[in-house]
Amino acid sequence: QVQLVESGGGLVQPGGSLRLSCEASGIIFSINAMSWYGQAQGRQRELVAYIAGRDTTDYADSVKGRFTISRDSAKNTVHLQMNTLKPEDTAVYYCNAGIRSPSGFADYWGRGTQVTVSS
């Protein structure tokens, strides 16, 4: 059974930094793209950062220059380095990945980790 588990969220002051991690566990043959989504209270879930299988990346305009997505293929892990955080970044952040396992290929989601930016 494949699972994604996020970690690293918490409360931080404006201008601070956090590093989110998402580890995929289980019997995994391969992972295609991985991404981070954010969902603020009362808002739709939105794509924040994306990293393709060949490590090309893309970001929401609101986080360009502040956030960096990276992956460690050997550990089946994706990270999101979040710098110069703003109150508008407050959201639950979810990890998403396309994974091939013994049960086939499927899109998986983590349960989310809360990021709160407040003074």
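Keep in mind it's a predicted model, so treat the numbers as computed, not measured.

Asker: Mind showing me how you'd approach the overall build of the chain here?
Answerer: Broken down by element type, the chain carries zero helices and 11 strands. The helix and strand sequence of the chain, counted from the amino end, reads β-β-β-β-β-β-β-β-β-β-β. Radius of gyration (C-alpha) of the chain: 14 Å, near the 14 Å computed for a compact globule of 119 residues. Counting only C-alpha atoms and orienting by the principal axes, one finds that the chain spans roughly 45 × 25 × 25 Å. Relative to its full complement of 119 residues, the chain shows a buried share of 40%.

Asker: Honestly, the nonpolar core in this entry has me stumped. Any pointers?
Answerer: It is characteristic of soluble globular proteins that their nonpolar side chains tend to be buried jointly. Trp36, Leu80, Tyr93 and Ile99 are the most contacted members of the largest nonpolar core, which totals 30 residues. Those elements giving two or more residues to this core turn out to be strand S3 (18–25), strand S4 (30–39), strand S5 (46–51), strand S7 (67–72), strand S8 (77–82), strand S9 (91–101) and strand S11 (113–117). Top contributing element to this core by residue count: S9, with five residues.

Asker: Before we go on, may I ask you to explain the pattern of salt bridges in this structure?
Answerer: Charged atoms that come close allow side chains of opposite charge to pair. Counted by the stated rule, this structure contains three salt bridges. As a salt-bridge pair, Glu46 and Arg43 come within 3.9 Å of each other at their nearest N and O atoms. The class of Glu46 is partly exposed, set by a relative accessible area of 43%. Taking the shortest distance from any N to any O, the salt bridge between Arg66 and Asp89 comes out at 2.8 Å. With Arg66 in the loop between strand S6 (57–59) and S7 and Asp89 in the loop between S8 and S9, the pair connects residues that are 23 residues apart, well separated along the chain. Note on accessibility: Arg66 and Asp89 belong to one class, buried.

Asker: Is there a simple way to think about the state of the cysteines in this case?
Answerer: Cysteine pairs can be covalently joined through their sulfur atoms, and such a bond is termed a disulfide. Inspection of every chain in the model, using the stated rule, returns one disulfide. Here Cys22 connects covalently by a disulfide to Cys95, the sulfurs 2.2 Å from one another. On the sign convention where negative means left-handed, the S-S torsion of about -80° between Cys22 and Cys95 marks this disulfide as left-handed. Residue Cys22 is located in strand S3, and its partner Cys95 is located in strand S9; the two are separated by 73 residues in the primary sequence. Judged by its relative accessible area of 0%, Cys95 is buried.

Asker: Please explain the pairing of strand S1 (residues 3–7) as it appears in this structure.
Answerer: Regular strands show a simple pattern: their side chains alternate between the two faces of the sheet. A one-sided burial pattern is seen for S1, the buried positions being Leu4 and Glu6 and the unburied ones Gln3, Val5 and Ser7. Judged from the five bridges that link them, S1 and S3 form a sheet pairing that is antiparallel. Of the residues in S3, the one forming a bridge with Ser7 is Ser21.

Rules behind the numbers
- Every residue gets a number counted from 1 within its own chain, in the order that chain's sequence is written.
- Only residues with pLDDT of at least 70 get local features here, since the model is predicted, and only at 80 or more are side-chain atom pairs given and counted; chain-wide, interface and lining totals rely on the full set of residues.
- Only heavy atoms go into the side-chain values, all of them from the structure, while hydrogens and water stay out.
- Starting at the N terminus, helices and strands are each numbered in turn, a helix being any DSSP run of H or I of at least four residues and a strand any DSSP run of E of at least two.
- The globule rule used for comparison is 2.2 Å times the number of residues to the exponent 0.38, while the radius of gyration itself is calculated over C-alpha atoms.
- Whether a residue is buried, partly exposed or exposed follows from its accessible area with a 1.4 Å probe, protein chains only, as a fraction of its type maximum: under 20%, in between, or over 50%, in that order.
- To define a nonpolar core, start from buried Ala, Val, Leu, Ile, Met, Phe, Trp, Tyr and Cys residues and group those joined through side-chain atoms within 4.5 Å.
- Note on definitions: salt bridges are taken to be side-chain nitrogens of Lys or Arg within 4 Å of carboxyl oxygens of Asp or Glu.
- The disulfide criterion used throughout: a pair of cysteine sulfur atoms within 2.5 Å.
- Here a strand pair is declared whenever DSSP counts at least two bridges between the two strands.

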